[in-house]
Amino acid sequence: MRNISSLELKLHTSAFIIGLGLSAPAYFIPIFLQELGASYTLIGIMGSIRSTPYALLPIFTGFIMSRYDMRKLYVLSSILSLIGFTLLSISQSYLEIGLANFLLGVSMVFYWPIAESIIAEFFPEDLRWKVYSSFSASWSTAYFIGPIVGGVLAELANLRTLFSISGIICGVAAPLIYLMGELRLKNIDRIGFKGGKLIHMWSLYVMVFLFTIGMACLILLAPSYFYEAGWSNLMVGTVFTVFGMTRTIAYVLLSKFKKIDEARIMTLSITIQSIAIFLLIYTRPEIIFPILALAGLINGAYFVASFSVISKKVQAGYRSISIGFLESIIGLGFIIGPAFIGLLLDYLNVWIAFTITSLVILSALPILFFSKNIR
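Reading the values: rules and limits
- Residues numbered from 1 in each chain as written.
- Predicted model: local features only at pLDDT ≥ 70, side-chain atom pairs only at ≥ 80, totals over all residues.
- Heavy atoms only, no water.
- Helix = DSSP H or I, 4+ residues; strand = E, 2+ residues; numbered from the N terminus.
- Rg over C-alpha atoms; globule rule 2.2 N^0.38 Å.
- Buried < 20%, exposed > 50% of the residue type's maximum accessible area, 1.4 Å probe, protein only.
- Contact = heavy atoms within 4.5 Å.
- Lys, Arg positive; Asp, Glu negative; His and termini not counted.
- Charge placed at Lys NZ, Arg CZ, Asp CG, Glu CD.
- Phe/Tyr/Trp six-rings, centres within 6.5 Å; stacked < 30°, edge-to-face > 60°.
- Lys NZ or Arg CZ within 6 Å of the ring centre and 35° of its normal.
- Core = buried A, V, L, I, M, F, W, Y, C linked by side-chain atoms within 4.5 Å.
- Salt bridge = Lys/Arg side-chain N within 4 Å of Asp/Glu carboxyl O.

Caption draft 1: Up close: the overall build of the protein chain. Summing up its helical and strand segments, the protein chain has 17 helices and 0 strands in all. On C-alpha atoms alone, the protein chain measures out to a radius of gyration of 20 Å, which is about the 21 Å that the 2.2 N^0.38 rule sets for 375 residues. Each of the 375 residues in the protein chain was classed as buried or not, and the buried ones make up 59%. By sequence separation, contacts in the protein chain at least 24 residues apart represent 87% of the contacts at least 6 residues apart. Each charge class in the protein chain was averaged separately, 25 positive and 17 negative side chains, and the resulting centres sit 10 Å apart.

Shown next, in the form of structure tokens:
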């Protein structure tokens, strides 16, 4: 009999450790590129390279998990992160930086989607929502602690040292994941791909894609934008600590509710995300800090609502594949978003670039209003 409490503790602890390793340098990779002379376009492309695996691979995790020990898949997130950050710390060319970013992107494929599959398959039905909320709180807590830790390390040492330490932190999780024991599904009918099971949720996937463009702008381009405006590494780390903290608060608060209104949460989140992106034209800390705090709240709430819609609207047996597809859509947003916004920032003025991006995000509202699968 599997010890559910022990498995939950190891899952949450490993999620925190890997999340800390991934988040500490996340907002400083664009700054590292900028210090090497990269343009916004190249910074955006590097962000897209990191996001490419996450757009292409998560959908297959729903199939892979029926064939392999999920513990061995999950541990790849720790090992590949260690290799990626080590390569980044010694990189001397944009090609090496691109390869490091690609490895980091692959590591994330084996982080969130696999961990969520473990929750869906190895925990009792009445505990899954609680465990999912706790898991989200674990990694998001790491994501608001990480940036401030990264900012301090960047100020006290340098960015290459930060990348090395981050890789070591990610590697620490590997033995802990191994101790989770074998996590292999047995005696199940393997799920086949049926496009109709996913296509009927098309409106949700399009909305998530448009929303994610704003999230990608905040995470992959805003750090270098703030840095160019005169912010220190410590200030950049602090503002994204605030972003991560409020995102964690959103996860915790929503886990307290027995029922949520997904359509209302999504409407509010899309509207606020659009406004937040537009207000990036003002780089004053007294404006950006509250804006990023609010953005953290609505980013957490939006994806909880999306997960909830899938859990209610998708037939049993296809939920993990649908979640994998959702994660792929998020990855696609992180590919197209940075490159698109980076070009706008390089070739148009800041006001026009962020106004266009804001309107793109807002275009998700008509889809929401007319979608029968969400309301």
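Caption draft 2: Broad picture of the packing of aromatic side chains. For the structure on display, the rule yields 19 aromatic pairs. For the pair Phe226 and Trp231, a centre-to-centre distance of 4.7 Å together with 20° between the ring planes defines the contact as stacked. Ring centres of Phe278 and Trp351 lie 6.1 Å apart, and the angle between their planes is 80°; this geometry places the pair in the edge-to-face category. Note that Phe278 is positioned in helix α13 (residues 262–278) and Trp351 in helix α16 (residues 350–362), a separation of 73 residues in sequence. The exposure class of Phe278 is partly exposed, given its relative accessible area of 26%. Following the ring pairs from residue to residue traces out a cluster consisting of Tyr27, Tyr225, Phe226, Trp231, Phe240, Phe243, Phe289 and Phe354. Lying across the ring of Tyr178, Arg71 places its NZ or CZ 4.6 Å from the centre.

Caption draft 3: View of the nonpolar core. In this structure, Tyr74, Ile118, Phe226, Phe240, Ile270, Leu280 and Leu292 are the most contacted members of the largest nonpolar core, which totals 127 residues. If you tally residues by element for this core, the top one is helix α11 (residues 202–228), at 18 residues. Setting aside residues no more than four positions away along its own chain, Leu292 makes contact with Leu218, Phe226, Val239, Phe240, Phe243, Thr246 and Leu280.

Caption draft 4: Here's a closer look at the pattern of salt bridges. For the structure on display, the rule yields 4 salt bridges. One salt bridge in this structure joins Arg264 and Asp261, with 3.8 Å as the shortest N-O distance. Since its relative accessible area comes to 63%, Arg264 is described here as exposed. Using a relative accessible area of 40% as the deciding quantity, one classes Asp261 as partly exposed. For Glu286, the salt bridge identified is with Arg284, shortest N-O distance 3.1 Å. Among the residues examined, Glu286 registers a relative accessible area of 55% and is labelled exposed. Here Arg284 falls in the partly exposed class, since its relative accessible area comes to 44%.

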